[in-house]
Each structure stands twice: as C-alpha cells, then as structure tokens.
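# Understanding the architecture of this molecule
Now for the letters of each chain:
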Amino acid sequence: PQRQLGTYGTQFSMSREAFINDDVGLLVEMPAKYAKAAKREINHQVYELIFKNSKIFDGKALFDADTHKNVLATGCEPSIEAVQALMLLLMQQTDPFGNAINVKPKNMILPLGYGFKAAQIFQSQTVNTSENTQAFNALYQYRNNIQIIEEGELNVLAGGAPVPWFVSADPKQVGSVKVDYLNGNKRPIFRRSEKTGYLGFFWDIYMDWVVSVKDWRGIAKNPGVKIR
C-alpha cells in the first residue's frame, strides 16, 4: 500500500531554425542522456533510502537492532571478522513465525575506498593469526558467491561522517529495496508538442517509478566509520 508511483520529468525546446540545422545529432543524443540521468536519479534514491534509515511499513526504522535485528551496534571498516558478523545477521533472519529462512548473502555494498580491502578479504586463502601463523580464511569459500558493489553515493551522502556498508541477499530469495515502474517501463518517455506563437518544438521527458522497502530481512548494516 505504501508503494505509490511518482512522475519525474523535465522539458526542453528547440527553435525551428535549430531543428533544421541540427547537424550535431542533438535529438539523437538527448534520449540516451536523459535515460542515463533517470538511472542516476533512481540510483540516488535507492541509496538515500537505505542511508537515511527512515521508518518503513511496520513503523520501525529499516535498520533496527531490537525488532529487525539487521544492524550491528558498532561500526568499523570491512575486515574478516566484521564481514562474518554482518553476514550472520542476514543468515539468522526468521520468518513471521520464527522459522529460519536461511538467507544467503549475495551482495556486499561498500562506499568508494573499500573495494580493494573487500577483494583481499574474499580472495585470500589464508590469513595471519595473532601468533603470526597462517590460518585458513573462512570467507574464501564465498569468493564466487558474493558480488562486491562500490557505490560513490554512500560517500556523498555521508559528507565526511561515518559511511555505512551493507550485505544484502539475492532478491530472488529475499527482497530488500525494490524499484517499481509504471507498466514495467524502465526508460523515459518523450513527447513532442508545439506552442502557439513559438516557431519550434517542445519535448516533455518523463518517467514513473517508486523506490520502497520490500523486506528488512534482505539487508544488514554495519554503521561504518569515517573514511580516511
């Protein structure tokens, strides 16, 4: 009931003279440019939603330690121990009846600056122990199952404050944040019109979508720290 589509759009015009002499292919380029702009805006809204941690359909914040059990108490940089703790939050989720749903982590969503560290965490077969010996890295077995996503929107939204990072499930198993489109249309619609007294054309570019939380069980959060 809370997923209500919004219409996003803009308009540009071109005089008849510019239309006739369009030798730079403006009208060919514009659809692709606006399609990319729409994707950037949708991407921004997705990460703004999880970053701001607003209340969702059950009246609780998306990341709530007491009710949803999908956020760690203390933030830190990615490490083997931190990644394991976050994955466990996801894997231990239950259905409304208290039964295990065996959520499998699929994506690790990181701000810019942590990608190399994450690759090292998953691709290293062994790690140094406190006794300066080599031990098997338990996360190595997940190297082909976890997709690393570095997202600059998180850095921008943080603005110098601690930057959170996340682990999410395969949406085919358990959803988290969902983007709905009107009639499944994922590209902007262009409509050309003319205006009395203006020798030229107007184009309306618009698209309908909504970003919403489908299920808190599909995503877990580490509050993070400031990125040096």
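About the criteria used
Residues numbered from 1 in each chain as written. Predicted model: local features only at pLDDT ≥ 70, side-chain atom pairs only at ≥ 80, totals over all residues. Heavy atoms only, no water. Helix = DSSP H or I, 4+ residues; strand = E, 2+ residues; numbered from the N terminus. Rg over C-alpha atoms; globule rule 2.2 N^0.38 Å. Buried < 20%, exposed > 50% of the residue type's maximum accessible area, 1.4 Å probe, protein only. Contact = heavy atoms within 4.5 Å. Lys, Arg positive; Asp, Glu negative; His and termini not counted. Charge placed at Lys NZ, Arg CZ, Asp CG, Glu CD. Expected span 1.5 Å × (residues − 1). Phe/Tyr/Trp six-rings, centres within 6.5 Å; stacked < 30°, edge-to-face > 60°. Arc of directions from axis to C-beta. Pairing = 2+ DSSP bridges. Axes fitted to C-alpha atoms, helices over the stretch in contact; angles between N-to-C directions. Core = buried A, V, L, I, M, F, W, Y, C linked by side-chain atoms within 4.5 Å.

## Describing the overall build of the protein chain
Looking only at helices and strands, the protein chain has five helices and 10 strands in total. Computed over the C-alpha atoms, the radius of gyration of the protein chain is 23 Å, more than 25% above the 17 Å expected from 2.2 N^0.38 for a compact globule of 228 residues. Projected onto the principal axes, the alpha-carbon positions of the protein chain cover approximately 80 × 40 × 30 Å. Expressed as a percentage of its 228 residues, the buried residues of the protein chain come to 36%. Sequence-distant contacts in the protein chain: of pairs separated by 6 or more residues, those separated by 24 or more amount to 75%. Between the mean site of the 26 positive side-chain charges and the mean site of the 22 negative ones, the protein chain shows a separation of 3 Å.

## Some points on helix H2 (residues 26-52)
Along its 27 residues, H2 runs 38 Å from first to last C-alpha, staying within 8% of the 39 Å computed at 1.5 Å per residue. Listing the buried residues of H2 in full gives Met30, Ala35, Ala38, Ile42, Gln45, Val46, Tyr47 and Ile50. The positive-phi residue at the C-terminal boundary of H2 is asparagine 53, with phi of around 55°.

## Observations regarding the packing of aromatic side chains
In the structure shown here, the tally under the stated rule is eight aromatic pairs. An angle of 70° between the planes, with centres 6.2 Å apart, marks the rings of tyrosine 34 and phenylalanine 190 as edge-to-face. Taken as a pair, tyrosine 34 in helix H2 and phenylalanine 190 in strand S8 (residues 189-193) lie far apart in primary sequence, 156 residues in all. Residue classification places tyrosine 34 among the partly exposed residues on the basis of a relative accessible area of 21%. On the accessibility criterion, phenylalanine 190 (30% relative accessible area) is partly exposed. Their ring planes at 50° and their centres at 5.1 Å tell us that tyrosine 198 and phenylalanine 202 sit as a pair that is tilted.

## Here we look at the environment of tyrosine 47
Within the element layout of this structure, tyrosine 47 appears in helix H2. Taking relative accessible area as the criterion, tyrosine 47 reaches 8% and is therefore assigned buried. Along the primary structure tyrosine 47 and valine 210 are separated by 163 residues, whereas in three dimensions their C-alpha atoms are 13 Å apart. Residue contacts for tyrosine 47: discarding those within four places in its chain leaves Ile109, Ile149, Glu151, Glu153, Leu154 and Leu157.

## A closer look at helix H4 (residues 115-123)
Every buried residue of H4 is listed here: Gly115, Ala118, Ile121 and Phe122. Along the axis of H4, the buried positions cluster into a sector of 120°, meaning they face one direction only. Pointing more than 90 degrees away from the buried face of H4 are the exposed residues Phe116 and Gln120. In this structure, the buried residues of H4 make contact with helix H3 (80-91), strand S2 (105-110) and strand S5 (147-150).

## Re the sheet that holds strand S10 (residues 219-225)
In space, the four strands of this open sheet follow the order S5-S2-S6-S10, with mixed pairing throughout. Of all the strands in the sheet, the pair left with one neighbour each is S5 and S10. Along the sheet, successive strands turn relative to each other by an average axial angle of 20°, direction set aside. Two elements, S2 and strand S6 (residues 163-169), share four bridges in a ladder whose sense is antiparallel. Looking at the pairing, methionine 108 lines up with valine 167 of S6. Relative to S6, H3 is tilted by about 50°, and along the sheet it contacts S2, S6 and S10.

## Overview of the nonpolar core
Membership of the largest hydrophobic core comes to 21 residues, with the highest contact counts inside it found for Val83, Met108, Phe122, Leu139 and Trp165. Elements with a contribution of two residues or more to this core: H3, S2, H4 and S6. Looking at which element gives the most residues to this core, the answer is H3, with seven residues. Once residues within four sequence positions are removed from consideration, methionine 108 is found in contact with Val83, Phe122, Ile146, Gln147, Ile148, Ile149, Trp165, Phe166 and Val167. Ranked by size, the runner-up nonpolar core spans 20 residues in total, among them Leu62, Ile109, Leu154 and Val163.

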